[in-house]
Amino acid sequence: MNVDTVHLRYSPSTLSARSHCISKQKYNGSVNGVQFINKETKDDTKIAHMEKRPSSDFGGSGSGWLSNAFFMRLTARDVFGVVKYHPIPCIFAALLFFFMGVEYTLHMVPSSSPPFDLGFITTRPLHRLLASKPALNTVLAGLNTGFVGMQMVYIVWVFLIEGRPRATIATLFMFTCRGILGYATQLPLPEDFLGSGADFPVGNVSFFLFYSGHVAASVIASLDMKRMQRWKLSYLFDTLNVLQAIRLLSTRGHYTIDLAVGVGAGILFDSLAGKYDDNRKKVLLADSHDDTTNGAFHNSKVHVNGEYLSVSSEIRI
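Values in this document were obtained by computation on a predicted structure and should not be read as measured data. (Residues numbered from 1 in each chain as written. Predicted model: local features only at pLDDT ≥ 70, side-chain atom pairs only at ≥ 80, totals over all residues. Heavy atoms only, no water.)

## Re the UniProt feature "transmembrane region" (unreviewed entry) in the protein
Thought 1: UniProt tags residues 82-102, 139-160, 167-185 and 205-223 as "transmembrane region" (unreviewed entry).
Thought 2: Counting secondary structure, residues 167-185 comes out at 95% helix and 0% strand; the distance between its end C-alpha atoms is 27 Å. (UniProt positions renumbered as here; feature names shortened; annotations may be inferred. Helix = DSSP H or I, 4+ residues; strand = E, 2+ residues; numbered from the N terminus.)

Structure below.
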């Protein structure tokens, strides 16, 4: 064996070809008699075959247009996998059918009767207690009004002091929508409502029932606290919010649906305010890179964490 023979036998091109051959055998064939299966290649081939398969027209031959439907490819393993890995949607699906049965078999409340409210039934003992002790009702109303003040102070504080307007924007959205809905559908005040001059709105004046601004504003404040990792303060607000809801039910100041929708409204408007705030930050950053853009917020700055350091604006003409 001479040097030239060795050079030819182990040239780079030969090594590359041998490596390609071994790689191909490893994933699609065998190495030294050991069989290997390339599962990804097999699955890709199967998917490509399904994609290239022509779809049948309506009324065509074979199984028709249903042959390409998603549920036709489901197996028993897929069905049981849904139950195993997605239990919450499955529970909701079961509850859907349950409440469909309840809805079609439940007798409607007569128009001459007061609304049925499960929260009112649950809080009957507390309602009787507060009705028999007006002083206690006034004290609790005052405490609740203090909690509402805490919400407002925090929401305004994070905007004016910390330069984070999201909670304030969410609150403005929330109360505006509440005013529209509250005026559009005015619910009757419960006959056994226990009012107090110390309650909010202060002075025992009229107010919209749907939905609860008390609860929604508390949720907005709590969500902001969680974003800032002020966990203890957020847990305190959540606890006070639960106690607030119980008191409102006990005094018949809100229906149960008002409180439930108030929670959803707080989450919804906080999310919408977040989208609005993110959009304004993008505009602000874009304008800051273009000094010739009219209407740029030249005095505004954004902190490294994405929050505003200044919200003042100067329009250049």
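Once the structure has been displayed, the description carries forward.
## Brief notes about the pattern of salt bridges
Thought 1: Following the criterion strictly, the structure yields nine salt bridges and no others.
Thought 2: Between Asp270 and Arg227 there is a salt bridge whose closest N-O contact spans 2.9 Å. Placement of Asp270 in helix 12 (residues 256-288) and of Arg227 in helix 10 (residues 213-227) is noted, with a sequence separation of 43 residues between them.
Thought 3: Owing to a relative accessible area of 5%, Asp270 belongs among the buried residues under this scheme. (Salt bridge = Lys/Arg side-chain N within 4 Å of Asp/Glu carboxyl O. Buried < 20%, exposed > 50% of the residue type's maximum accessible area, 1.4 Å probe, protein only.)

## Section: helix 9 (residues 166-184)
Note: α-helices contain 3.6 residues per turn, so residues at a spacing of three or four share the same orientation.
Thought 1: Its 19 residues place the ends of helix 9 27 Å apart at the C-alpha level, agreeing with the 27 Å of an ideal helix rising 1.5 Å per residue.
Thought 2: The set of residues buried in helix 9 consists of Ala167, Thr168, Ile169, Ala170, Thr171, Met174, Arg178 and Gly182. (Expected span 1.5 Å × (residues − 1).)

## A word on the nonpolar core
Among soluble globular proteins, nonpolar side chains are generally buried collectively.
Thought 1: Core analysis: the largest hydrophobic core is formed by 18 residues, its most contacted members being Met174, Tyr211 and Ala221.
Thought 2: Counting residues per element, the ones that place at least two in this core are helix 8 (134-160), helix 9, helix 10 and helix 12.
Thought 3: No other element matches the five residues that helix 10 contributes to this core.
Thought 4: By size, the runner-up hydrophobic cluster in this structure holds nine residues, among which are Phe120, Leu248, Tyr255 and Leu259. (Core = buried A, V, L, I, M, F, W, Y, C linked by side-chain atoms within 4.5 Å.)

## Let's talk about a nonpolar patch on the surface
Thought 1: A surface patch of nonpolar side chains, amounting to about 710 Å² of accessible area, comprises Trp65, Leu66, Phe70, Phe71, Met72, Leu74 and Val79.
Thought 2: Looking at the secondary structure, you find Phe70 in the loop between helix 3 (39-52) and helix 4 (76-85). (Patch = residues over 30% accessible without salt bridge, like charges linked within 9 Å, V, L, I, M, F, W, Y side chains within 5 Å. Areas by Shrake-Rupley, 256 points an atom, 1.4 Å probe, with all protein chains shown as cover.)

## Regarding the side chain of Asn144
Thought 1: If you trace the backbone, Asn144 turns up in helix 8.
Thought 2: If sequence neighbours within four positions are ignored, Asn144 has contacts with His214, Gln244, Arg247 and Leu248. (Contact = heavy atoms within 4.5 Å.)

## Some points on the packing of aromatic side chains
Geometry of an aromatic ring pair is reported as the spacing of the ring centres plus the angle between the planes.
Thought 1: Overall, the coordinates contain six aromatic pairs when judged by the stated rule.
Thought 2: Look at Phe120 and Tyr255: their rings are 5.5 Å apart centre to centre, the planes differ by 25 degrees, and that puts the pair in the stacked class. With Phe120 in helix 6 (residues 118-122) and Tyr255 in the loop between helix 11 (231-250) and helix 12, the pair connects residues that are 135 residues apart, well separated along the chain.
Thought 3: A residue is classified by how much of its surface remains accessible, and Phe120, at 10% relative accessible area, is buried.
Thought 4: Overall, Tyr255 belongs to the buried group, its relative accessible area being 7%.
Thought 5: Plain terms: the ring middles of Phe210 and Tyr211 are 5.9 Å apart, the flat faces sit at 80 degrees to each other, and that makes the pair edge-to-face.
Thought 6: Among the residues examined, Tyr211 registers a relative accessible area of 2% and is labelled buried. (Phe/Tyr/Trp six-rings, centres within 6.5 Å; stacked < 30°, edge-to-face > 60°.)

## Regarding unusual backbone geometry
Thought 1: Each neighbour pair has its own omega, and for Phe210 with Tyr211 the value is -5 degrees, a cis peptide bond.
Thought 2: The topology assignment puts Tyr211 in the loop between helix 9 and helix 10.
Thought 3: Unusually for a residue other than glycine, Arg252 sits at a positive phi of about 65 degrees.
Thought 4: Looking at where Arg252 falls in the secondary structure, it is placed in the loop between helix 11 and helix 12.

## Describing the confidence of the model for the protein
Thought 1: Overall, the prediction assigns the protein a mean pLDDT of 76, with 69% of residues at 70 or greater.
Thought 2: A low-confidence stretch, residues 292-300 (pLDDT under 50), is modelled with 24 contacts involving residues beyond four sequence positions or located in other chains.
Thought 3: A low-confidence stretch, residues 310-317 stays under pLDDT 50, and its non-local contacts, those more than four residues away or across chains, total 19 contacts. (pLDDT = per-residue confidence, 0-100.)

## Observations concerning the packing of helix 8 against helix 11
Thought 1: For the pair helix 8 and helix 11, the least separation of the axes is 11 Å and the interaxial angle reads 140 degrees. Considering the angle they form, helix 8 stands oblique to helix 11. Crossing hand, helix 8 versus helix 11: left-handed. Residues Asn137, Leu140, Ala141, Asn144, Phe147, Val148, Met150, Gln151 and Tyr154 of helix 8 form the contact with helix 11, whose own contacting residues are Leu233, Phe237, Leu240, Asn241, Gln244, Arg247 and Leu248.
Thought 2: When its residues are assigned to classes, the contact of helix 8 with helix 11 shows 10 nonpolar, five polar and one charged. (Axes fitted to C-alpha atoms, helices over the stretch in contact; angles between N-to-C directions. Parallel < 35°, antiparallel > 145°, perpendicular 65-115°, else oblique. Left-handed = near helix turned anticlockwise from the far one by under 90°. Nonpolar A, V, L, I, M, F, W, Y, C, P; charged D, E, K, R; others polar.)

## Some remarks on the side chain of Ser234
Thought 1: By the element assignment, Ser234 lies in helix 11.
Thought 2: We classify Ser234 as buried; its relative accessible area is 0%.
Thought 3: Here the side chain of Ser234 touches Trp231 through a polar contact of 2.7 Å, landing on its backbone oxygen.
Thought 4: Other than its neighbours up to four places away in sequence, Ser234 contacts Ser222, Met225 and Lys226. (Polar contact = N/O pair within 3.5 Å; in protein donor to acceptor, adjacent residues only side chain to side chain.)

## As for helix 8
Thought 1: Relative to the 39 Å expected for 27 residues at 1.5 Å per residue, helix 8 spans 39 Å between its end C-alpha atoms, a close match to the ideal helical length.
Thought 2: On its buried face, helix 8 is in contact with helix 7 (124-132), helix 9, helix 10 and helix 11.

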